[in-house]
Amino acid sequence: MRFGAIIACGCLIATLSVTGCRGKPEPGLPSAGAPASSATELDSLKTRGQEQFEAGEYNDAFVAFKQAYDMAPDDYGVLLGLAQTNAKLRNEVEALDWVNLALAQRPEAVEPMELKGRLFLRLGRMRDATAMLERTTQKHPEYTLGWLNLAAAYSIQKNWPKAVEAAKKAIESAPDDGTPHFALGDIYIEQNERKLAEEQYRAALRIDSQHALAYMRLAQLYIGKNDVTKAELEQARNWATTSDNLEPGDGNAASAAAWALFKMGEKLEAAKEMNKVALDHPQNYRIWYRLGKILDDMGEKESAARAFETAAKFAPRIRTTTQPGNTVEEE
């Protein structure tokens, strides 16, 4: 089974709050000689912006930080807030402008340094991203997020030895967090080192028993085995169900649980379960595709065709027939 590239591909660029990732707040100071009332209003706007940012209300956070910027355009905390907010809003170019202004105030501050490297990653500027993240980790080796995204940069470039080294540095910087182990597991998956990957996902769960994605990866590993046993499929189903219970997300974990049931030979129950998951997550084409595969295997050709057609609506590159080689992912 092909897994997505680690951290930096798609939505997995490391922005998680892991132990050691979040530096101490670096608030800007009111301009010298500013009236007390202005300073109080500025602090209020910055506090509101930070609270809204942490609550995921990024548009509102941007408004608050922008109002603060109009009062204090050289305030480091305001500039960093605008950079971080624009990054969350996927305005990478604008975020880069703001982060450069923040770095002009504090050239070696860890948060804007790491953020700049992450923005370069998103913009596909691999050389710039690697250089910035290398500089970040050299200056701030304790900052886990820098190591995680440096591992991501190396992975995208398929520099596996350096990617592994960076992920291990992330583990050293945050020994009580499961995320760096998870990231290293994904690097091993990209190299088809399945046993090493499994060890890292299990390590992540020993540290954090609520790590939904680690359960999901273990389920995928077992389901994808060529010589998988029924006991292993049952274990995979349990892991996938646990992942879904922790974070239902887009339905992929529930789909994996149903697929494990199918591979155990429980085709009718698997079809019913997969159909329910598809209806709960109608825009996830992979679930419709899997449903089509199950129904086709059961001889339900018309129903299978409808499932494939639905998958094609959300992923037009999928043809609606089961021709040889016409697969979305290897199961």
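Residues numbered from 1 in each chain as written. Predicted model: local features only at pLDDT ≥ 70, side-chain atom pairs only at ≥ 80, totals over all residues. Heavy atoms only, no water.

This part is about helix 15 (residues 285-297). Under the 1.5 Å per step criterion, the end-to-end length of helix 15 is 18 Å for 13 residues, consistent within 8% with the ideal 18 Å. Among all positions in helix 15, only Y285, I287, W288, Y289, R290, L291, G292, I294 and L295 are buried. The secondary structure elements touched by the buried residues of helix 15 are helix 13 (252-263), helix 14 (267-280) and helix 16 (301-314). A distance of 3.2 Å separates the backbone nitrogen of R286 from a side-chain oxygen at the start of helix 15, and that oxygen is part of N284. (Helix = DSSP H or I, 4+ residues; strand = E, 2+ residues; numbered from the N terminus. Expected span 1.5 Å × (residues − 1). Buried < 20%, exposed > 50% of the residue type's maximum accessible area, 1.4 Å probe, protein only. Contact = heavy atoms within 4.5 Å. Polar contact = N/O pair within 3.5 Å; in protein donor to acceptor, adjacent residues only side chain to side chain.)

Tallied over the full model, the rule gives 15 salt bridges. Here K225 and E232 are joined by a salt bridge, their closest N and O atoms 2.8 Å apart. Between D296 and K301 there is a salt bridge, with its nearest N and O atoms 2.9 Å apart. Counted as one network, the salt bridges with shared partners bring together R90, E92 and R122. (Salt bridge = Lys/Arg side-chain N within 4 Å of Asp/Glu carboxyl O.)

Taken over all residues, the pLDDT of the chain has a mean of 88, while the share at 70 or more is 84%. In the predicted structure, residues 15-33 sits below a pLDDT of 50 and forms 48 contacts with residues beyond four places in sequence or in another chain. Overall, residues 318-331 carries pLDDT values under 50, and its contacts beyond four positions in sequence, including any with other chains, amount to 24 contacts. (pLDDT = per-residue confidence, 0-100.)

Let us now look at helix 5 (residues 110-122). In this model helix 5 runs 19 Å from its N-terminal to its C-terminal C-alpha over 13 residues, within 8% of the 18 Å that 1.5 Å per residue would give. Counting buried residues along helix 5, 12 of its 13 residues qualify, which places the element largely inside the surrounding structure. Turning to helix 5, its buried residues are V110, E111, P112, M113, E114, L115, K116, G117, R118, L119, F120 and L121. In this structure, the buried residues of helix 5 make contact with helix 3 (76-88), helix 4 (92-105), helix 6 (126-139) and helix 7 (144-156). Positive backbone phi, at 75 degrees, marks G124, one or two positions downstream of helix 5.

Another aspect to go through is the packing of helix 3 against helix 4. Put simply, helix 3 and helix 4 touch, their axes get as near as 8 Å, and they point 155 degrees apart. In terms of orientation, helix 3 and helix 4 fall into the roughly antiparallel class. In this structure, helix 3 meets helix 4 at a crossing whose hand is left-handed. Each of Y76, L79, L80, L82, A83, N86 and A87 in helix 3 lies in contact with helix 4, whose residues at this interface are E94, A95, W98, V99, L101, A102 and Q105. (Axes fitted to C-alpha atoms, helices over the stretch in contact; angles between N-to-C directions. Parallel < 35°, antiparallel > 145°, perpendicular 65-115°, else oblique. Left-handed = near helix turned anticlockwise from the far one by under 90°.)

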